[in-house]
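Examining the three-dimensional arrangement
Listed below are the residues making up each chain.
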Amino acid sequence: MARGDQIYVMRPFLGLNGVYEHHGIDCGDGTVIHYSKAEDIATVRRTSYSAFSMGNPVYIKRYATHAIADVVIQRAESRVGEQQYNLVSNNCEHFATWCKTGINRSEQVEAYGLSSLGIDVFDSNQLVEEAARTGRVDQAIALFQQAHQNITTAEAQLLVQYNRAQTEVNNWHRVALAAMKRREEHLARSALERKVKFKRKAAELKTRLDELATMRENLNRNNTILEQRQKGYL
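Throughout this document, residue positions are counted from 1 along each chain, in the order its sequence is written. Restriction of local features to residues with pLDDT of at least 70 applies here, the model being predicted, together with a cutoff of 80 or more for giving and counting side-chain atom pairs; totals for whole chains, interfaces and linings are based on all residues. No hydrogens and no water enter the side-chain calculation; it runs on all heavy atoms of the structure.

1. Observations regarding the pairing of strand E3 (residues 31-36)
- The element E3 is extensively covered by neighbouring structure, given that 6 of its 6 residues are classed as buried.
- Taken together, the 6 bridges between E3 and strand E4 (residues 43-48) define a ladder with antiparallel strand orientation. When the bridges of E4 are listed, Thr31 appears paired with Ser48.
- Only strands joined by at least two bridges in the DSSP assignment are considered to pair. In this text, helices come from DSSP runs of H or I with a minimum length of four residues, and strands from runs of E with a minimum of two, each type numbered from the N-terminal end. The hairpin formed by E3 and E4 contains 6 residues between the paired strands, and Asp40 there has a positive phi angle of roughly 75 degrees. Remark: exposure states derive from per-residue accessible area (1.4 Å probe, protein chains only) relative to the maximum for the residue type, with buried under 20%, exposed over 50%, and partly exposed in between.

This is how it looks when you write it as structure tokens:
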């Protein structure tokens, strides 16, 4: 780790360990600037290295091109105190990647197919509370419905990739068996390596599909609460 590095740790979500990456900027003096929820409200803060890692292994996010350390730190420090967190458009990875490269991007959001979601599905509980406080229940329900549709779209896209990966696993398995019967060890080994590669890819895609299913359950539960409030049951 070095001053100006973009670093990250794996954090849990809804009881699932290692679900998402939490990013920050290493200041090189034992502190990290990152979007912290230490006081409930997500705020860009400079915290201790241990507060950032929370005892988890810390990894470096590497890029082919990036800003020099001084510029990275200046960018990070310029946003300390900011409270504009949004999973879809301004999460911890957006922040750290912008500091490091000047580009506001989150590969996790893109990978999960959530870049077009209408609301922050991780904070749908907060939306319920806000709707109850402001009385804008109809608007909140519309946002939930849009998010539900976008999750469905993301699931469909990931399912296509998952099925392709599974097909590749089966195909390379057959190639490996045929090669072993012909005692072509080199070809068999190569086919098995490809099989393992696609099997790993299928497992990653299955994890994403499961996480989207968890998000859907959370949305549906909170949407039911909103509908009950709309009808005056709560």
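The discussion continues.
2. A short note on the nonpolar core
- With 14 residues, the main nonpolar core has Ile25, Ile33, Tyr35, Ala76, Phe95 and Cys99 as its most contacted residues.
- Elements that contribute at least two residues to this core include exactly E3, helix H2 (69-78) and helix H3 (92-101).
- In terms of residue count, the dominant contributor to this core is H3 (4 residues).
- The contact rule is simple, with two residues in contact once any of their heavy atoms fall within 4.5 Å. With near-sequence residues (within four places) excluded, Ile25 lies in contact with Gly4, Asp5, Gln6, Thr31, Val32, Ile33, Val72, Ile73, Ala76, Ala96 and Cys99.
- Core analysis: the next-biggest nonpolar cluster, separate from the first, contains 12 residues, Ala147, Ile151, Ala202 and Leu205 among them. Among buried residues, those of type Ala, Val, Leu, Ile, Met, Phe, Trp, Tyr and Cys that are joined through side-chain atoms within 4.5 Å constitute a nonpolar core.

3. Describing unusual backbone geometry
- The phi dihedral of Met54 falls on the positive side, at around 50 degrees, and the residue is not glycine.
- Among the structural elements, Met54 can be located in the loop between helix H1 (49-53) and strand E5 (59-61).
- The phi dihedral of Arg183 falls on the positive side, at around 60 degrees, and the residue is not glycine.
- The residue Arg183 is located in the loop between helix H6 (137-181) and helix H7 (185-230) in this model.

4. Considerations on the packing of H2 against H3
- To obtain an axis, a line is fitted to C-alpha atoms, over the contacting stretch when the element is a helix, and the angle between two such axes runs from 0 to 180 degrees between their N-to-C directions. It is at 7 Å that the axes of H2 and H3 come closest, and there the two elements cross at 140 degrees. Accordingly, the angle class assigned to the pair H2 and H3 is oblique. H2 and H3 meet at a crossing whose hand is right-handed. In this structure, H2 uses Val72, Arg75, Ala76 and Ser78 to contact H3, whose residues at the interface are Phe95, Trp98, Cys99, Lys100 and Thr101.
- Just so you know the grouping, Ala, Val, Leu, Ile, Met, Phe, Trp, Tyr, Cys and Pro go in nonpolar, Asp, Glu, Lys and Arg go in charged, and all remaining residues, Gly too, go in polar. Its residues assigned to classes, the contact of H2 with H3 shows 5 nonpolar, 2 polar and 2 charged. Angles below 35 degrees are treated as roughly parallel, those above 145 as roughly antiparallel, those between 65 and 115 as roughly perpendicular, and all remaining angles as oblique. Two helices cross in a left-handed way if the nearer one is turned anticlockwise from the farther one by less than a right angle. They cross in a right-handed way if the turn is clockwise.

5. Points about the side chain of Thr47
- Structurally, Thr47 is set in strand E4.
- Dropping the residues within four chain positions of it, Thr47 is found in contact with Gly30, Thr31, Val32, His34, Ser36 and Phe52.

6. So, the state of the cysteines
- For this text, the term disulfide refers to a pair of cysteine sulfurs within 2.5 Å. Under the definition given, this model contains 0 disulfides.
- In this structure Cys27 is a free cysteine whose sulfur lies 9.4 Å from that of Cys99, the closest cysteine sulfur available.
- According to the relative accessible area criterion, Cys27 is buried, its value standing at 6%.
- On the basis of relative accessibility, which here comes to 0%, the residue Cys99 falls in the buried class.

7. A word on H2
- Along H2, the positions that sit buried rather than exposed are Val72, Ile73 and Ala76. Taken end-on, H2 shows its buried residues confined to a sector of 95 degrees, consistent with a single buried face. Turned more than 90 degrees away from the buried face of H2, the exposed residues are Gln74 and Ser78. When we speak of the arc, we mean the arc of directions from the helix axis to the C-beta atoms.

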